[in-house]
Amino acid sequence: MADTKREIERKYESDDSGLPDLTGVAGVAAVLDKGVAHLDATYYDTADLRLAAASITLRRRTGGSDAGWHLKLPVAPGVRDEIHAPLADTVPRELASLVRSRVRDAELLPVLRLRSERDLRNLVDADGRLLAEAGVDAVRADRILGGDGSVQWTEIEVELADGGDPAFLDTVEKRLRKAGVRPSKSASKLARALAETAPSGKDGKTVKSGKSSKGGKGGKSGTGGREEPSGEPVTAGDHVLAYVRTQRDAIVELDPAVRQDAPDSVHSMRVATRRLRSAFRSYGKVLDRTVTDPVGVELKWLAGELGVDRDREVLTEHLMAALDDLPRALVSGPVRTRLRTWARARRGGARRRLIGVLDSKRYLALLDTLDALTADPPRLKAAAGRPDKVLAQAVRKDFGKVSALVEQALELPPGHDRDLALHEARKKAKRTRYSAETAAPALGDPASALVKSMKSLQSLLGDHQDSVMVRQTLRELSAVAHAAGESSFTYGVLYGRAEQRAAAVEAELPEVWREIGAGAPV
């Protein structure tokens, strides 16, 4: 069974003179010699090094205190989540699944063997509590696949103890710098080894592996090995594609977190799918919708699968919070127990279903399709146009749709039809927000202001829709409780309060809309 820890470490160049004296570092009472460990690791990747391009490492290591399989996922510079699995001859299934959005149908192969002699020291405080581990690593790397040769070097590594204060590493670094030690130019041993054993081109220069494609830059981050255009956005099409690539990357990068049921991961992936669909629909004059509409259908399917569990989770939060706000005298019967039973229903099945979706051919085909679309985008004539004209026109069109729907809803009497109209207005506000997000780098403050106002409107209308869904759920729960011979009084009280919240939103909406409509959208 795999387990996860947060790894916070820093690497430094070494001239083979060993570890400088760290006994004078603030907070360090003693530096304990832990001996020399002999580590032997084989790193796995695809033939085109997709994991390395995304700064992900997967290795099988023997020696030391943590022999086994290790998967390291980047969190921030110098910070990674390290997932351990027991030693086995083949890549453990639970680790392979966490890189499936990168690897897809490609085979994981041994690409590099890295052997280290680690001279380890523990930095402890006056109570003997571990603050950090500091070691000098004598490294030898041998290329197995996609290159040739070997390389050797020595480096210093300082890893913060579990739960330690990252500021302590700053204190250690000051001492190391005073001793002439400088931070490593490579983010990891693997990155350095791959770079220094890469094959040479015809001109004798090293052929680099693919680089990350963050924020619309070129490279192979999450692209199944495809190269994509690089450079700052210039045309309208450049800006739309930069936004599309960012959302594509978000889906790929969130995949492991969703599989691990990390907080907010499902919601974040769902938002990325919605942003993609909105971009395709809003900028139909930039990217050919005969190509993007079928992709949008698949994104809608994925969002729906992601929402099966999420919608119930959100409703549960609202219902439990509403119940907590009730005076005890108004709580009649086992309401809280019934809510918990309702919340847990299908939870396990929903999780299994979601993992099945992420392992499905349909999902992996969607990722491949997004890669193909971003690598060879279906640009239309407007894609070559000026962003301040093409993007602004699309945003104004979306804003006009929101305006019509809000005004239509305000003209309707309270009830089912108004609820539906406000729900549609919320969805269009969200779409307008996303189209303005796409345009913001090109249009500046006006687009950013529209993003803010649409987010505010979306939040207000979201509260209204939550009230609609809460009332619907309360009707269902009340019927079940009544059939079981339980009091339905509390469900009625909660229903009335939810109805009052909806009425408050509807009363507030005209003033909010007047303020939004007073300014030009872009």
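What you see is a predicted model, and the numbers here were worked out from it, not measured in a lab.

Participant: For this particular structure, what's the right way to read the side chain of His70?
Facilitator: Mapped onto the elements of the fold, His70 is located in strand S4 (residues 68-76). For His70, a relative accessible area of 1% translates into the label buried. Looking at His70, its side chain comes within polar contact range of the main-chain oxygen of Asp66, at 2.7 Å. Ignoring sequence-local partners within four residues, the contact set of His70 consists of Thr57, Leu58, Arg59, Arg61, Glu82, Ile83, His84 and Leu95.

Participant: Would you mind showing me how to read the environment of Val470 here?
Facilitator: Mapped onto the fold, Val470 is located in helix H14 (residues 445-483). Each C-alpha atom, one on Val470 and one on Ala272, is 25 Å from the other, the two residues being 198 residues apart in sequence. In contact with Val470, not counting residues within four places along its chain, are Leu315, His318, Leu319 and Ala498.

Participant: What should I look at first to understand the nonpolar core in this one?
Facilitator: The tendency in soluble globular proteins is for nonpolar side chains to be buried side by side. Ile251, Tyr363, Met454 and Leu457 are the most contacted members of the largest nonpolar core, which totals 64 residues. With 10 residues, the top contributor of residues to this core is helix H12 (residues 387-411). Membership of the second largest hydrophobic core comes to 19 residues, among which are Ile8, Leu22, Ala132 and Val172.

Participant: I'm lost on the packing of aromatic side chains in this one. Help?
Facilitator: A ring pair, where both rings are aromatic, is described by two values, the distance of the centres and the angle of the planes. In the structure shown here, the tally under the stated rule is two aromatic pairs. Relative to Trp69, the ring of Tyr44 has its centre 5.1 Å away and its plane inclined at 55 degrees; by these criteria the two rings are tilted. Taken together, the residues span a long stretch of sequence, with Tyr44 in strand S2 (residues 30-45) and Trp69 in strand S4 at a distance of 25 residues. Overall, Trp69 belongs to the buried group, its relative accessible area being 0%. Taken together, a centroid distance of 5.9 Å and an interplanar angle of 20 degrees make the contact between Phe399 and Trp513 stacked. Remark: Trp513 occurs in helix H15 (residues 489-517) and Phe399 occurs in helix H12; sequence separation between them is 114 residues.

What counts, and at which threshold
Residues numbered from 1 in each chain as written. Predicted model: local features only at pLDDT ≥ 70, side-chain atom pairs only at ≥ 80, totals over all residues. Heavy atoms only, no water. Helix = DSSP H or I, 4+ residues; strand = E, 2+ residues; numbered from the N terminus. Buried < 20%, exposed > 50% of the residue type's maximum accessible area, 1.4 Å probe, protein only. Polar contact = N/O pair within 3.5 Å; in protein donor to acceptor, adjacent residues only side chain to side chain. Contact = heavy atoms within 4.5 Å. Core = buried A, V, L, I, M, F, W, Y, C linked by side-chain atoms within 4.5 Å. Phe/Tyr/Trp six-rings, centres within 6.5 Å; stacked < 30°, edge-to-face > 60°.

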